[in-house]
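What the coordinates show
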2 protein chains.
Amino acid sequence: MLTVNLDRNSPTSLYLQLYESVKNQIIRKELAPDSLLPSKRTLAMHLGISVKTVENAYAQLLLEGYIYSKEKRGFFVNTLEDYRTRKGPAPAYVSHYKEDSYLVDLKSNKHALSEFPVSTWCRLMRETLSYQDASLFDTVPFHGVARLRVAIAQYLHDFRGMDVSPDQIIVGAGTEYLYTRLIQLLGPDARYAIEDPGYNRIRAIYKSNGVSYAAIPVDSDGIRMDLLADSGCNIVHISPAHHFPLGLVTPINRRLELLQWVNSAPGRYIIEDDYDSEYRYRGIAAAPIYSIDIRSKVIYMNTFSKSVAPAVRISYMVLPEILMEKYIATMNFYSCTVSSFEQYTLASFIEKGHLERYINRMKRRGAAQRDLLLHAIEQSPLSAHARVLDDTAGSHFLLKLDTRMTDAELTTRLKERQILVSCLSEFCEHSMPEYASTLILNYSGITEKQAKYFMEQICDILSVSR
Amino acid sequence: MLTVNLDRNSPTSLYLQLYESVKNQIIRKELAPDSLLPSKRTLAMHLGISVKTVENAYAQLLLEGYIYSKEKRGFFVNTLEDYRTRKGPAPAYVSHYKEDSYLVDLKSNKHALSEFPVSTWCRLMRETLSYQDASLFDTVPFHGVARLRVAIAQYLHDFRGMDVSPDQIIVGAGTEYLYTRLIQLLGPDARYAIEDPGYNRIRAIYKSNGVSYAAIPVDSDGIRMDLLADSGCNIVHISPAHHFPLGLVTPINRRLELLQWVNSAPGRYIIEDDYDSEYRYRGIAAAPIYSIDIRSKVIYMNTFSKSVAPAVRISYMVLPEILMEKYIATMNFYSCTVSSFEQYTLASFIEKGHLERYINRMKRRGAAQRDLLLHAIEQSPLSAHARVLDDTAGSHFLLKLDTRMTDAELTTRLKERQILVSCLSEFCEHSMPEYASTLILNYSGITEKQAKYFMEQICDILSVSR
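Residues numbered from 1 in each chain as written. Chains lettered and ligands numbered in written order. Predicted model: local features only at pLDDT ≥ 70, side-chain atom pairs only at ≥ 80, totals over all residues. Heavy atoms only, no water.

1. Comments concerning the overall build of chain A
Worth spelling out the cut-off: By the criteria applied, helices consist of DSSP H or I runs no shorter than four residues and strands consist of E runs no shorter than two, each listed in order from the N terminus. For the radius of gyration, the atom set is restricted to C-alpha positions; the globular benchmark scales as 2.2 Å times the number of residues to the power 0.38. When a residue's accessible area, from a 1.4 Å probe over protein chains only, is under 20% of the maximum for its type it is buried; when over 50% it is exposed; and in between it is partly exposed. We call two residues contacting when some pair of their heavy atoms lies within 4.5 Å. Residue exposure ignores everything except the shown protein chains as possible cover, and the areas themselves are Shrake-Rupley values with a 1.4 Å probe. When charges are counted, neither His nor the chain ends are considered; positive counts come from Lys and Arg and negative counts from Asp and Glu. Charge positions are represented by NZ for Lys, CZ for Arg, CG for Asp and CD for Glu.
Within chain A, the regular secondary structure consists of 16 helices and 16 strands. The C-alpha atoms of chain A give 31 Å as radius of gyration, which overshoots the globular expectation for 466 residues (23 Å, by more than 25%). Dimensions along the principal axes, computed over C-alpha positions, put chain A at roughly 95 × 55 × 50 Å. Relative to its full complement of 466 residues, chain A shows a buried share of 58%. Taking contacts inside chain A between residues at least 6 apart in sequence as the whole, the part at least 24 apart equals 72%. Surface accessibility of chain A: about 19700 Å² in total, with carbon and sulfur atoms responsible for 50%. For chain A, the separation between the mean place of its 53 positive charges and that of its 53 negative charges on side chains is 6 Å.

Structure (structure tokens):
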């Protein structure tokens, strides 16, 4: 007969205790393969439990294949080959990944949380929770909640001069996510032209998606048209409103040349990443290429992770009609990746004008932060040995240093002093001498004290004194 | 001199009105290319505005390349080639995409919203908003908020018998999103074995990601090992706890065979999709293969979109250490796709036992819904011409019909009567006669009235009467 210890005071039900006990005896081969198990009734009597309890335990063992049954003969132990369990809990895995912290971080775009209207956002979220019915918990359409798409279309009309139908918009959890979908939509034969220098992550995404791309040098007006024409690429991925990291604005004639290029062969598209066009401290952002494209050849992308808060993972793309139809036909099985709560909350945030007000506050703050760092540079003896390259937009400017030190040495020595900073050369696919010795200074989170410390340290490293 | 009409009562600033006016005159070629613009001072006098206003307008025109400057000579109109603007707003695009609605929907897994603890969820969200500081709006680590990953690891330990480190978990916006990342992680040379029949969307995802896969027939124990061995695949993607749509549970010996297979050559992995293992109405879900794998060859995936609510887009995968290291080294530039709000709220929902209680409620409801549809079938004359294939789990069962009608005809005729239903054959890569004439009946949202209507209609279509 089976030896089973049942604990009637345990929160685990008796049938599960019995199941576990028999299972473990089978695994440990304490019960011989093909041996007959006691009948339900006999075992129930023996253990002083109900037949139903034994029945449930046997049913579970049968379901999982630890025992088998023969009609009118009863239940038999199955033969388990090569069963080895972990001996005790596995040693906890601790990854070597950690996020470093520095005294001064001029690399990460630390968002100015102090300006974010936390209480407004929370109030809108509470309103969303109160006023919405159960539809809040329902499945979201593949391209996002209609109300948010309408709000985005209106915003694009009012602030970017774009005529967009809400049906052309796809909402997704971050621009990187949307890039991945776009790469699938445009197919494996697409060949992408990206800007060199340019945003590293774009390159990393194309690389990890295994698609073909060419990094095309930029001149002072943007991507070089002669090299683009010779590249064999059919998709060009650009940020004409504000190039990263050079800060260039692509002028109207280069934009028109890009439209000529896109219209001169079938299957060509422009991906226009308008990611921080809102943050221009003097004047306004140029109208997007999308707004002057009459043949529907521009895919427009933007994100609220930058304009609202990094923790709000909502981006969107505006697809030309023909691509939207293709998306519907081939890819609308992908569920929308943003929860409905946040979509409704963001829709309210836009509809009620909070987004506009917030962006204006952020612009004032950005301008002040920029002045703070510029002032620290001017006051420092470094100013005689460095040149600021600034475009009064975004959240960084460039600082070209007069030094023979390599960029690697420079960043390493700054890191030793707890200062994190990137060099322009890190964003180049092909190394170019004119981009050497140029720091990218992201000022969005910097304090006066940090700016002073940074200046002292860099002067010390470069042996600059008054 | 320039003709410009300025409206001092407009909300648009004077400099933007001036900029727009000059820009449009240049686009319409009313200002000749290379003609000299009036000096700032002259124009300011002429229009009765400040020099600063003209300066700002000219700066914006210069930035966007509509004008150019020559030192000591002034500003000149640029030559714009081939500039055509849309004539008026574009006709609004309305996609043909719409979500159909039916009298009876036995296909979509309409979530039983009535059971979702909306008020609890909202309370937890409000608590999250109140108790969290500004870190709520900070950037989320690439693999998700630590507190949620700890809660998931604890849940897997308590309910699935798994020893998992929070550092092995990657949180993402839906399983489909995580599949895409996993495909990138495993690289372009991976070859995937999927179940046939199996979940259509898995196949669609592999297809749209352009990777190679083989659909391997299943027998009563799960995927066929002889065909898997011969397939040349190195990754097998399975749902051993509950096969869709057949409802099979893979028994222990087939699980051990799968582990033998995965260990018998380098670079092999099992993707174990445990997606609705919680929903078993009799007994419990078998322990995952992950829990008996001693060589870290199992990638475990699960989702809260199924166990919490479709609008909550949170899924996760547990990676073996070696794959996690690879992810950190090559792919951690991808930002986490779930907002921190929802991650903290879900962490509370799990920590406080709400998830467990909710699943228990859903199981009771699922069992009742299943009984409702089974009862309607039993009461109908159809019962003599059909056989229910049920596994007391998940949210559907199969109904094998005694008919010569093709599956396409069957579903079309049901659709004409406003009934949406899928056939098993739709989930087969290779058509197999034994899977014909089999309806997949998803009962999760059905009412008594709908069940009765469905029975009447199908009896009528099949000319079945008492």
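Now that the structure is up, let's keep going.
2. Details of the sheet that holds strand β15 (residues 422-423) of chain A
All names here are of chain A. Test applied: By the convention used here, strands pair only if DSSP detects at least 2 bridges between them. Between N-to-C directions, angles span 0 to 180 degrees; the directions come from axes that are lines fitted to C-alpha atoms, helices contributing only their stretch in contact.
Taken together, 4 strands build an open sheet; the order of strands is β12-β13-β16-β15 and the sheet is antiparallel. Looking at which strands have only one partner, the edges of the open sheet turn out to be β12 (386-389) and β15. Where β12 lies against strand β13 (residues 396-401), 4 bridges are found, and the strand directions are antiparallel. Bridging across to β13, A386 finds its partner in L401. Lying over the sheet, helix α14 (residues 354-379) contacts β12, β13 and β16 (438-442), oriented at roughly 15 degrees with respect to β13.

3. Looking at the environment of B:T438
Residues and elements named next belong to chain B. This is how the line gets drawn: For this analysis, a polar contact is any N or O atom pair within 3.5 Å, provided that within protein one partner can donate a hydrogen and the other can accept it, and provided that sequence-adjacent residues contribute only side-chain to side-chain pairs.
Structurally, T438 can be placed in strand β16 (residues 438-442). Beyond its immediate chain neighbours, meaning those up to four positions away, T438 contacts L398, L399, K400, D407, S422, C423 and L424. A polar side-chain atom of T438 sits 3.5 Å from the main-chain carbonyl oxygen of Y435.

4. Re the relation of the copies chain B and chain A
Formally: Here the copies were fitted onto each other by least squares, based on C-alpha atoms from residues at pLDDT of at least 70 in both.
If you rotate chain B by 180 degrees and push it 0.0 Å along the axis, it lands on chain A with an RMSD of 0.1 Å. Such a combination of rotation and displacement between the chain copies is what one expects of a two-fold axis. The residues that chain B uses at the interface reappear at the interface of chain A in 100% of cases, marking a shared surface.

5. Looking at the interface of chain B and chain A
The criterion, for reference: We define buried area as the total accessible area lost by two parts upon association, computed with a 1.4 Å probe and summed across both. Note on residue classes: Ala, Val, Leu, Ile, Met, Phe, Trp, Tyr, Cys and Pro are nonpolar, Asp, Glu, Lys and Arg are charged, and everything else, Gly too, is polar.
Between chain B and chain A, the contact holds 95 residues from the first and 95 residues from the second. The junction of chain B with chain A conceals about 8300 Å² of combined surface from both sides, 60% of it contributed by carbon and sulfur atoms. Counting across the interface, chain B meets chain A through 26 residue pairs in polar contact (both at pLDDT 80 or more). Listed by contribution, the elements that provide at least two residues to the side of chain B that touches chain A are α1 (14-27), α3 (51-63), α4 (118-131), α6 (175-186), α7 (200-208), α9 (252-263), α11 (321-331) and α12 (340-351) of chain B. Examining the composition of the side of chain B that touches chain A, we find that 6 residues originate from one element, α4(B), more than from any other. When its residues are assigned to classes, the side of chain B that touches chain A shows 50 nonpolar, 24 polar and 21 charged.

6. What about the nonpolar core?
Spelled out, the test is: The definition of a nonpolar core used throughout is a set of buried Ala, Val, Leu, Ile, Met, Phe, Trp, Tyr and Cys residues joined through side-chain atoms within 4.5 Å.
Ranked by internal contacts, the top residues of the largest apolar core, which has 170 residues, are A:V308 and B:V308. Counting 66 residues, the second-largest nonpolar core is a separate cluster that includes A:Y177, B:Y93, B:I328 and B:Y334.

7. As for the sheet that holds strand β10 (residues 298-303) of chain A
All names here are of chain A. Spatial strand order, β4-β11-β10-β9-β8-β5-β6-β7: 8 strands in an open sheet with mixed pairing. The open sheet terminates on both sides in strands that have one partner only, identified here as β4 (169-172) and β7 (222-223). Here strand β5 (residues 191-196) runs beside strand β8 (residues 235-238); their pairing, made up of 3 bridges, is parallel. Bridging across to β8, I194 finds its partner in H237. Here helix α12 (residues 321-331) sits on the sheet in contact with β4, β9 (269-273) and β10, set at roughly 55 degrees to β4.

8. Some details on the pairing of β16(B)
Residues and elements named next belong to chain B. Taking burial as the measure, the 5 residues of β16 include 5 buried ones, the bulk of the element. Judged from the 5 bridges that link them, strand β13 (residues 396-401) and β16 form a sheet pairing that is antiparallel. Looking at β16, one finds that F397 is bridged to L441. Note: strand β15 (residues 422-423) against β16, 2 bridges, orientation antiparallel. Its bridge partner lying in β16, C423 is registered against L439.

9. A closer look at the domain arrangement of chain A
Under the convention used in this document: All domain edges in this entry derive from an automatic or database-based domain assignment.
Here the domain parsing of chain A yields domain 1 (14-77) and domain 2 (134-352). A separation of 61 Å is found between the C-alpha centroids of domain 1 of chain A and domain 2 of chain A.

10. Details of the pairing of β10(A)
Residue and element names in this part refer to chain A. A large share of β10 lies buried, amounting to 6 of its 6 residues. Inspection of the sheet shows β9 paired to β10 by 4 bridges, in the parallel sense. What sits directly across from D273, in β10, is M301. Across 4 bridges, β10 lies against strand β11 (residues 315-318) in antiparallel orientation. Bridging from a neighbouring strand, Y300 pairs with V318 of β11.

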